[in-house]
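# Fold and geometry: a report
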Amino acid sequence: QVQLVQSGGGLVQAGGSLRLSCAASGSIFSFSAVGWYRQAPGKQRELVAGFTTGGSTNYADSVKGRFTISTDNKKNTVYLQMDSLKPEDTAVYHCKVVQNWSWEYWGQGTQVTVSS
């Protein structure tokens, strides 16, 4: 069982930055996939950024060049650095990890609100 605890988020003006953190109870190296997702009201959940073991990092077209996913393996933490934020980035953001390509674990979610 993996536990994910998210932090960060909040209210920011358009053009500002935020960093989300996702601290895992297990080693990052044990995960076959790691990602950040978001869901805005009335919209489907979408992948924002993610990577798989041995694979490339993927970003949603809407965040390319503005968001960066990274990890601190010593702290077993995944980050999402969000720069040049736009009102349309407003959503609840969740981190997700996958173990053995089978078991999915989700963070509790954190609200990001970008004002215009």
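Look up a bit, the structure's there.
Residues numbered from 1 in each chain as written. Predicted model: local features only at pLDDT ≥ 70, side-chain atom pairs only at ≥ 80, totals over all residues. Heavy atoms only, no water.

Time to look at the overall build of the protein chain. For the protein chain, the count of helices and strands is zero helices and 11 strands. Of the regular secondary structure in the protein chain, the N- to C-terminal order runs β-β-β-β-β-β-β-β-β-β-β. The C-alpha atoms of the protein chain give 13 Å as radius of gyration, which agrees with the globular expectation for 116 residues (13 Å, within 12%). The proportion of buried residues among the 116 residues of the protein chain is 44%. Contacts spanning at least 24 positions in sequence make up 53% of the contacts within the protein chain whose residues lie at least 6 apart. (Helix = DSSP H or I, 4+ residues; strand = E, 2+ residues; numbered from the N terminus. Rg over C-alpha atoms; globule rule 2.2 N^0.38 Å. Buried < 20%, exposed > 50% of the residue type's maximum accessible area, 1.4 Å probe, protein only. Contact = heavy atoms within 4.5 Å.)

This part is about the nonpolar core. Ranked by size, the top nonpolar core spans 29 residues in total, and within it Leu4, Trp36, Val48, Phe67, Leu80, Met82 and Tyr93 carry the most contacts. Secondary-structure elements contributing two or more residues to this core are strand E3 (18–24), strand E4 (31–39), strand E5 (46–52), strand E7 (67–72), strand E8 (77–82), strand E9 (91–99) and strand E11 (110–115). (Core = buried A, V, L, I, M, F, W, Y, C linked by side-chain atoms within 4.5 Å.)

Strand order in this open sheet of four strands is E1-E3-E8-E7, and the pairing throughout is antiparallel. Each edge of the open sheet is held by one strand with a lone partner, namely strand E1 (4–7) and E7. Sheet twist, expressed as the average angle between the axes of neighbouring strands with direction ignored, equals 15°. Bridge count between E1 and E3: four bridges; the pairing is antiparallel. By the bridge assignment for E3, Gln6 is matched with Cys22. (Pairing = 2+ DSSP bridges. Axes fitted to C-alpha atoms, helices over the stretch in contact; angles between N-to-C directions.)

Relative to the elements of secondary structure, Tyr79 occurs in strand E8. The class of Tyr79 is buried, set by a relative accessible area of 11%. A C-alpha to C-alpha distance of 19 Å links Tyr79 and Arg45, two positions 34 residues apart in sequence. Those residues in contact with Tyr79 that lie beyond four places of it in its chain are Arg19, Leu20, Ser21, Trp36, Thr68, Ile69, Ser70 and Asp72.

A separate point is the pairing of E11. Alternating residues of E11 divide into Thr110, Val112 and Val114, all buried, and Gln111, Thr113 and Ser115, none buried. Strand direction decides the pairing type here: strand E2 (residues 10–13) and E11, joined by four bridges, are parallel. Paired with Gln13 across the strands is Ser115, a residue of E11. Here three bridges tie E9 to E11, and the two strands are oriented antiparallel to one another. For Tyr93, the partnering residue across the bridge sits in E11 and is Thr110.

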